[in-house]
Number of protein chains: 2
Amino acid sequence: MANEKKMDCVILGLLSHESLTGYEIKKRIDTTLKFFWSASFGSIYPTLNSLDQDGLVTKLEITDKGRDKVIYTITDAGREYLKQWLVLPVTKDELRYETLLKLFFGSEIGPKVTIGHILDFETKIKCELPYLEGAVRELKKIQKEEEAHSYYLLTALFGEKVYKTYIEWCEEAKKILEG
Amino acid sequence: MANEKKMDCVILGLLSHESLTGYEIKKRIDTTLKFFWSASFGSIYPTLNSLDQDGLVTKLEITDKGRDKVIYTITDAGREYLKQWLVLPVTKDELRYETLLKLFFGSEIGPKVTIGHILDFETKIKCELPYLEGAVRELKKIQKEEEAHSYYLLTALFGEKVYKTYIEWCEEAKKILEG
DNA sequence: TATTTATATATCAAACTGATATATGCGTAA
DNA sequence: TTACGCATATATCAGTTTGATATATAAATA
């Protein structure tokens, strides 16, 4: 149990809130966890199978509206495994921004192209910010209703503050390249 | 040439500034690019060999102070390849923060452990911030000396602003969990 | 009615990490 | 002076993950 795989823990974390299919897990990751985590089907489905073999989740195969699907539920052993991971110190926080990479080497290609990358980045961030602001507003409203809401709020607040800083930086960055 | 590997472009970017050994490339990535990119020896050395085979870099094997080493230099074809990548739109900017993942699932384990993760995060950021502030100060001073300095400044400025926002968030986050 | 989108799962080559292995030089503390 | 640890320098590989592709059905939409 010493070498917890990240994917194991993300999936068990989501299943600790509610039982889900692999497809639904992917959707949760792509919406709620989007701005600080990602995962592909190619890791989700094999991980679910190995979690099942290790007794950390149980499968329930059903047919819903003519479509076959498998609903996964966390077991007590799975909850224990998740808790053991949660108390371990963080091993890696990683920012991997291709935009910054292209900016760093920007002198090779000039300001026009580089400003273009900054504008693309700005557009993307400004498009995603309202979702984070909405989440913060909503979570602050329902914060007292359930303990978990405060924890969700922490991450949404992080995203909101950071994205606003990104937008401020875009303004400064454009000025530096134009001036 | 349509499917540029990221590692190819990072290495060619660094070599566009100066000729380097694989070991020195790793050092540059771990210091200058640290807060927005990373790479392991396991990808650097194989990539250098494939770049050599593709004629994008040249090898110079020398013996320095009794130690054998290989110095890599970018070719004209390599510069062209780099430029072609620089104009392409960014495909992925990714934040992958285990800290936020543990916070999101924090209700499973409680505020004490979660505040511990925030404190660890705060300590790490406060430790790295002075390096970024120093880089910004230095680059602003020598900005006019060389065109490339403005581009380095953009990335250092990004890091400085974002890290300061992280520290602000830590204060808020602790209050939310304590209150 | 036809086409697109959403649901649902599976697979795999290619890329990358993290660990491990090997070997030399250089500084320093016993 | 000699033993130890650290920096330099390269190489390899199992395990993990991505991104693409494939398959099939239901629901929505044009």
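Everything in this summary refers to the structure shown in the same document. (Residues numbered from 1 in each chain as written. Chains lettered and ligands numbered in written order. Predicted model: local features only at pLDDT ≥ 70, side-chain atom pairs only at ≥ 80, totals over all residues.)

1. Thoughts on helix H3 (residues 41–53) of chain B
All names here are of chain B. Over its 13 residues, H3 extends 18 Å from the first C-alpha to the last, a length consistent with the 18 Å expected when each residue adds 1.5 Å. Every buried residue of H3 is listed here: Thr47, Leu48 and Leu51. The buried side chains of H3 occupy one side of the element, clustering within an arc of 105° when seen end-on. When the buried face of H3 is taken as reference, the exposed residues oriented beyond 90 degrees from it are Phe41, Gly42, Pro46 and Gln53. Tucked inside the fold, the buried residues of H3 contact helix H1 (6–17), helix H2 (22–31), strand E1 (57–64) and strand E2 (67–74). (Helix = DSSP H or I, 4+ residues; strand = E, 2+ residues; numbered from the N terminus. Expected span 1.5 Å × (residues − 1). Buried ≥ 20, exposed ≤ 12 C-beta atoms within 10 Å, placed from the backbone. Arc of directions from axis to C-beta. Contact = placed C-beta atoms within 7 Å.)

2. As for the interface of chain A and chain B
Facing the 55 residues of chain A at the interface are 55 residues of chain B. Elements supplying a minimum of two residues to the side of chain A that touches chain B: helix H1 (6–17), helix H4 (76–87), strand E3 (93–97), helix H5 (98–104), helix H6 (111–141) and helix H7 (147–178) of chain A. In terms of residues, the side of chain A that touches chain B owes the most to one element, H7(A), which gives 19 residues. Looking at side-chain class alone, the side of chain A that touches chain B contains 31 nonpolar, eleven polar and 13 charged residues. (Nonpolar A, V, L, I, M, F, W, Y, C, P; charged D, E, K, R; others polar.)

3. A short note on the packing of H2(B) against H3(B)
Residue and element names in this part refer to chain B. For the pair H2 and H3, interaxial distance at closest approach is 10 Å and the crossing angle is 135°. As summarised for this structure, H2 and H3 are arranged oblique, according to the angle between their axes. Between H2 and H3 lies a crossing of right-handed hand. Facing H2, whose interface residues are Gly22, Ile25 and Lys26, H3 presents Phe41, Ile44, Tyr45 and Leu48. (Axes fitted to C-alpha atoms, helices over the stretch in contact; angles between N-to-C directions. Parallel < 35°, antiparallel > 145°, perpendicular 65-115°, else oblique. Left-handed = near helix turned anticlockwise from the far one by under 90°.)

4. Side note on the relation of the copies chain A and chain B
When chain A is brought onto chain B, the operation consists of a screw motion whose angular component is 180° and whose axial shift is 0.0 Å, with 0.0 Å RMSD remaining. Such a turn and shift between the copies fits a two-fold axis. For chain A, the residue whose C-alpha comes nearest the rotation axis is A:Leu95, separated from it by 2.2 Å. An overlap of 100% is found between the interface residues of chain A and their copies at the interface of chain B, pointing to a shared contact surface. (Least-squares fit on C-alpha atoms with pLDDT ≥ 70 in both.)

5. Concerning the environment of A:Met7
Residues and elements named next belong to chain A. Within the secondary structure layout, Met7 lies in helix H1. When the 17 C-beta atoms within 10 Å are taken as the criterion, Met7 is described as partly exposed. When the C-alpha positions of Met7 and Glu178 are compared, they lie 43 Å apart, and in sequence the two are 171 residues distant. Ignoring any residue separated from it by four or fewer positions in sequence, one finds Met7 in contact with Ala39, Ser43 and Thr47.

6. Looking at the protein's contact with DNA strand D
Neighbouring DNA strand D are 25 residues, the closest being A:Gly42, A:Gly66, B:Thr21, B:Gly42 and B:Lys69. When residues of the surface near DNA strand D are traced back to their parent elements, those giving at least two are H1 and helix H3 (41–53) of chain A together with H2, H3 and E2 of chain B. For the surface near DNA strand D, the element with the highest residue contribution is H3(B), accounting for four residues. Here the residues of the surface near DNA strand D are counted per class, giving eight nonpolar, eight polar and nine charged. (Near = placed C-beta within 6 Å.)

7. Things to note about the nonpolar core
If you look at the biggest cluster of nonpolar residues, it comprises 83 residues, and the most contacted ones within it are A:Ile11, A:Leu12, A:Leu15, B:Ile11, B:Leu12, B:Leu15 and B:Leu101. Not counting chain neighbours up to four residues away, the residues in contact with A:Leu12 comprise A:Leu56, A:Ile74, A:Gly78, A:Tyr81 and A:Leu82. (Core = buried A, V, L, I, M, F, W, Y, C linked by C-beta atoms within 7 Å.)

8. Details of unusual backbone geometry
All names here are of chain A. Phi at Lys65 takes a positive value of approximately 50°, unusual for a residue other than glycine. You can see Lys65 is positioned in the loop between strand E1 (57–64) and strand E2 (67–74). On the neighbour-count criterion, Lys65 (5 C-beta atoms within 10 Å) is exposed.

9. Side note on the protein's contact with DNA strand C
In the vicinity of DNA strand C lie 25 residues, with A:Thr21, A:Gly42, A:Lys69, B:Gly42 and B:Gly66 positioned nearest. Secondary structure elements with two or more residues in the surface near DNA strand C: helix H2 (22–31), H3 and E2 of chain A together with H1 and H3 of chain B. Per element, the largest residue contribution to the surface near DNA strand C is four residues, and it comes from H3(A). Residue composition of the surface near DNA strand C, by class: eight nonpolar, eight polar and nine charged.

10. Observations concerning the environment of A:Lys26
All names here are of chain A. Along the chain, Lys26 falls in helix H2. Residue class for Lys26 comes out partly exposed when judged on the 18 C-beta atoms lying within 10 Å of it. Residue contacts for Lys26: discarding those within four places in its chain leaves Phe41 and Ile44.

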